[in-house]
Amino acid sequence: GYAIIRNALKPELLESFIPKADAVFDNPKMNDTHNRYGDLVCVRMFETDPAFRDFLVQEPIIGMAEEILGSNCHIMAQNCVRNRPGMAIDTWHVDDALEFPIAKGMERHDPRLQLPVFRMTVQIPLTPVQTMEIGPTQFVPTSHYAGKQPAFEKGVEPHFEDHGPVSIFTNVGDVYLHNGQAWHRGAPNLSNETRYLLQNSYCVRWVAQRFYPFLNYRMPDHVLEGAGERLRRVLGEHPKGPYG
């Protein structure tokens, strides 16, 4: 349900995103534009700085997304998480909805199946995550075959068959991608440091993008200025096709 790619990106590039992310988090106007969701998450980062926009087609990230989702995939969301001490999205979950629920009497999906991936997230740590105290992302391996939500019981770690939680420890430059149907969470940040995580979520063409206010969203003109053909497609520009 997840994979780690070591040394995928240059650390200097990722470190340059930290002040840009802080500028979004610390700008009160971002509440009015709904780019800021409280103190933990900012969304639609491609609207806020050309560097975030251009990062949507950064190799090898976009190449991996196209290999998995197809050459006409597009971005579904680009978020940044700023985990200050004591903060985390620490409830075990799948992303958004459970796509392939098992039927009554089933224990899990047949392992012979290759479950389709309609959407995936590439997680890009902007700061090192080397200890449990700073709150690494955690996954339960193979849990995307569970076909059900993880049971929630405070203080109890979920298990799927023989697999318990695995913590993802990374240096700046490492990335990891995951199937949103795998059980995961961000462990609590118990350190005195701030953890930064940039998230590029891509999806197949027919899965809608998630840009608030959804029904009436209009991409700002400045986002498209100077964008090449590949970037415009990733931003959602497609030729006519099925369903209009």
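Fair warning: this is a prediction, and the values are worked out from it, not measured in the lab. (Residues numbered from 1 in each chain as written. Predicted model: local features only at pLDDT ≥ 70, side-chain atom pairs only at ≥ 80, totals over all residues. Heavy atoms only, no water.)

Colleague: What is the right way to read the sheet that holds strand S9 (residues 184–186) from this model?
Modeller: By way of backbone hydrogen bonds, the strands of a sheet pair with one another, either parallel or antiparallel. Strand order in the open sheet formed by three strands is S7-S6-S9, with antiparallel pairing between adjacent strands. In this open sheet, the two strands that pair with only one neighbour each are strand S7 (166–167) and S9. In the sheet, strand S6 (residues 137–139) pairs with S9 via three bridges, with the strands oriented antiparallel. Bridge pairing links Phe-139 to His-184 in S9. (Pairing = 2+ DSSP bridges. Helix = DSSP H or I, 4+ residues; strand = E, 2+ residues; numbered from the N terminus.)

Colleague: Any chance you could explain the sheet that holds strand S5 (residues 119–125) here in plain terms?
Modeller: The seven strands lie next to each other as S1-S8-S5-S10-S4-S3-S2, forming an open sheet whose pairing is antiparallel. The sheet is open, and its two borders are formed by strand S1 (2–5) and strand S2 (36–37), each paired with just one other strand. When S5 meets strand S8 (residues 175–179), the two strands line up antiparallel, connected through four bridges. Its bridge partner being in S8, Val-122 is matched across the sheet by Leu-177. Sheet strands in contact with helix H2 (residues 17–25) are S2, strand S3 (41–42), strand S4 (74–83) and strand S10 (195–203), and its direction is about 85° off that of S4. (Contact = heavy atoms within 4.5 Å. Axes fitted to C-alpha atoms, helices over the stretch in contact; angles between N-to-C directions.)

Colleague: Would you mind showing me how to read H2 here?
Modeller: The periodicity of an α-helix, 3.6 residues per turn, causes residues three or four positions apart to be oriented the same way. Of all the residues in H2, the buried ones are Phe-17, Ile-18, Ala-21, Asp-22, Val-24 and Phe-25. Down the axis of H2, the smallest arc covering the buried residues is 160°, so these residues share one side. (Buried < 20%, exposed > 50% of the residue type's maximum accessible area, 1.4 Å probe, protein only. Arc of directions from axis to C-beta.)

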